[in-house]
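# Remarks on the overall topology
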Amino acid sequence: MSQFDDTEDKITGLPSFGNAVDNSLGLDDFSEANALGEDFSAPVEAAQTLANEVKFNRWGQYANLPALPGEDRSKSWTRASTLKDVLTDKKGLELWQLRQTLIGIAMKPSLIAKLQAEIEAEEIDFDAKQTKDWLNHIAEEAKEVSKSNEGSKIGTAFHNAAEIYDGTNAFKIDDMMRDLDDQQSEMLSAYSKMLGRHKIRPVGHLMERVICVPELKIVGRLDRVYEDIDGVLRIGDLKSQKWEPGAFDSISLCVQLAIYANATWMLDEEKWEWVPFPKMIDKAKGIIAWVPGTRPGHADIYDLDLEWGWKLAKASFRVRDDWRKDKTRVTLRKAPPVPLHSLG
C-alpha cells in the first residue's frame, strides 16, 4: 500500500505529495518524431497537428504513429473517442441541449428577430448550406446566453493548472494559484483536497499518454492514471462538465476508460516508439474526478465498472466493424423489365 504524506502546504492548505510524483520519462522533447517516414493506409491531406507531433488525417484518425513492434509499416488508427459513442444513447444530452437553446432564445429574443423576418417574407431556403450555418450559429449563441457552456470555459484554465499540479511537483503551488482567478483557484483547491481526502495520487509520468489496443484497432490518449488508496493503479479522467458523471454518459465513460485499461502498447513520444503498457493497471475499476466548473469548491470521485465497459467496447467494435465491412444490408430494388409483348 502506498504511503501518503498528509502534510499541507503552509500557504494554501493544499495537501502535499512530497516528491512522489514522477516525471522521469521527460515528455518535453519530441524532435525525433519528424524522422519517421509517412507511409500510411489512409490519406493524410489536411492533417491537423496537435501537441507532441501527433497528426490526424481528414477523418480524424491518428495518421503518423510508428509501426507496432513486429509490424513493418505504420497505418492510420481509429480514435477511442469514436468507439465509445457507438452504443451511447444521446437522447438525454440532446434534449438538455435543446432546452438550453430555448432558454437562451427566451433570454435574448433578438437572436431570432432576423430569422422571423425572413420566414415571414418567405425569403429563406432552409436547405441551403449558408442558412444551415447561420442557424447553427444562432443556436450556439443561444446556448452561450443560457450559459450551458459556462462550465467548459471555466474548466479550461483549471484543467491546464491541474495538469501541471498532477504532472510534476517542480512548482510552488501558491504561485500557480495566483495565476488563476478566484473561481479557478477554488476548483484547484477542491480537487487537491479531494485527492488528499480519498488518498488518491496522480501518477505524473502516465498522464496524457497515447495508447494502442490492437484487438479493437484503436488508439487513444488517456487522461490520467491514479494510484488509489489501496495502492492499485487505475485509469482516471478529470471532468469539469456541468452535469454529474453518469447522467448522460455512463456507457461512453466506462467504454473509453476500459479501452485505456486494456491497452497493449503505450507510445514513448520522446523516442517515438511503442513500449509495453504497464500490466499493473487495474482492468476492473476506473476513476472519474469531477470538479464542476459551475460549482467551484465542489469535487467528487466516481468509480467506473470497467469490466462492463470492456464488454461494451468489444460489442461496439463488432457493430462498427461489421457496418464498415458490409453496407449492402439496405439496397434499392430495381423494377423488373417490362416484357416486350406488353409494349405493343
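Scroll up to find the structure this text is about.
Predicted model, so just to flag it, every value in this text is computed and none were measured.

Cut-off values and rules
- Residues numbered from 1 in each chain as written.
- Predicted model: local features only at pLDDT ≥ 70, side-chain atom pairs only at ≥ 80, totals over all residues.
- Heavy atoms only, no water.
- Helix = DSSP H or I, 4+ residues; strand = E, 2+ residues; numbered from the N terminus.
- Buried < 20%, exposed > 50% of the residue type's maximum accessible area, 1.4 Å probe, protein only.
- Areas by Shrake-Rupley, 256 points an atom, 1.4 Å probe, with all protein chains shown as cover.
- Pairing = 2+ DSSP bridges.
- Contact = heavy atoms within 4.5 Å.
- Axes fitted to C-alpha atoms, helices over the stretch in contact; angles between N-to-C directions.
- Salt bridge = Lys/Arg side-chain N within 4 Å of Asp/Glu carboxyl O.
- Expected span 1.5 Å × (residues − 1).
- Arc of directions from axis to C-beta.
- Phe/Tyr/Trp six-rings, centres within 6.5 Å; stacked < 30°, edge-to-face > 60°.
- Lys NZ or Arg CZ within 6 Å of the ring centre and 35° of its normal.
- Patch = residues over 30% accessible without salt bridge, like charges linked within 9 Å, V, L, I, M, F, W, Y side chains within 5 Å.
- Polar contact = N/O pair within 3.5 Å; in protein donor to acceptor, adjacent residues only side chain to side chain.

### A closer look at the overall build of the protein chain
Broken down by element type, the protein chain carries nine helices and 12 strands. A total of 344 residues make up the protein chain; the buried ones form 43% of that total. Carbon and sulfur atoms provide 51% of the accessible area of the protein chain, an area that totals close to 19200 Å².

### Points about the sheet that holds strand 12 (residues 300-305)
Read from one edge of the open sheet, five strands run 4-7-8-11-12, paired in mixed fashion. The open sheet is flanked by strand 4 (201-202) and strand 12, the only strands paired with a single partner. Contacting strand 8 (233-239), strand 11 (281-290) and strand 12, helix 8 (residues 250-261) crosses the sheet at an angle of about 130° to strand 11.

### Looking at the sheet that holds strand 3 (residues 78-79)
If you trace the five strands from one edge of the open sheet to the other, you get 3-6-5-9-10, paired in mixed fashion. Looking along the sheet, the strands with just one partner apiece sit at the ends: strand 3 and strand 10 (273-276). With four bridges connecting them, strand 5 (residues 210-213) and strand 6 (residues 218-221) associate as antiparallel partners. What sits directly across from Ile 211, in strand 6, is Gly 220.

### Some words on the pattern of salt bridges
Overall, the coordinates contain 10 salt bridges when judged by the stated rule. A salt bridge links Arg 224 to Asp 166; the shortest N-O distance between them is 2.6 Å. Within this pair, whereas Arg 224 is found in strand 7 (residues 224-227), its partner Asp 166 is found in helix 5 (residues 150-167), the two being separated by 58 residues in sequence. The exposure classification of Arg 224 matches that of Asp 166, with both residues buried. The salt bridge involving Asp 223 is made with Arg 224; its shortest N-O contact spans 3.1 Å. Owing to a relative accessible area of 13%, Asp 223 belongs among the buried residues under this scheme.

### Quick look at helix 4 (residues 129-145)
Its 17 residues give helix 4 an end-to-end C-alpha distance of 24 Å, which sits within 8% of 24 Å, the value for a rise of 1.5 Å per residue. By the burial criterion, the buried members of helix 4 are Thr 131, Ile 138, Ala 142 and Lys 143. Down the axis of helix 4, the sector holding all buried residues measures 140°, keeping them to one side. Residues Lys 129 and Gln 130 are exposed on helix 4 and point more than 90 degrees away from its buried face.

### Quick look at helix 8
With 12 residues, helix 8 extends 16 Å from end C-alpha to end C-alpha; this agrees with the ideal 16 Å at 1.5 Å per step. Of all 12 residues in helix 8, 10 are buried; the element is thus mostly enclosed. Listing the buried residues of helix 8 in full gives Ser 252, Leu 253, Cys 254, Val 255, Gln 256, Leu 257, Ala 258, Ile 259, Tyr 260 and Ala 261.

### A short note on the packing of aromatic side chains
We describe a pair of aromatic rings using the distance from one ring centre to the other and the angle between the two ring planes. Inspection of every chain in the model, using the stated rule, returns three aromatic pairs. Ring centres of Phe 56 and Tyr 62 lie 4.7 Å apart, and the angle between their planes is 50°; on these two criteria the pair is classed as tilted. Summarising the burial analysis for this pair, Phe 56 and Tyr 62 share the class buried. The side chain of Arg 58 reaches across the aromatic face of Trp 59, ending 5.2 Å from its centre.

### Here's the deal with a nonpolar patch on the surface
There is a patch of nonpolar side chains on the surface, built from Val 86, Leu 87 and Val 319 and spanning about 200 Å² of accessible area. By the element assignment, Leu 87 lies in the loop between helix 1 (80-83) and helix 2 (91-107). Take Leu 87: its relative accessible area is 31%, and that puts it in the partly exposed class.

### Regarding the environment of Lys 129
Within the fold, Lys 129 resides in helix 4. Its relative accessible area of 61% is what places Lys 129 among the exposed residues. At a separation of 2.8 Å, a polar atom in the side chain of Lys 129 contacts the side chain of Asp 133.

### Considerations on unusual backbone geometry
The phi dihedral of Lys 199 is positive, around 60°, even though this residue is not glycine. Its place among the elements puts Lys 199 in the loop between helix 7 (182-198) and strand 4. Taking the relative accessible area as the measure of exposure, Lys 199 reaches 23% and is therefore partly exposed. For Glu 208, which is not glycine, the phi dihedral falls at a positive 55°. Residue placement: Glu 208 occurs in the loop between strand 4 and strand 5. Given the relative accessible area of 25%, Glu 208 is considered partly exposed.

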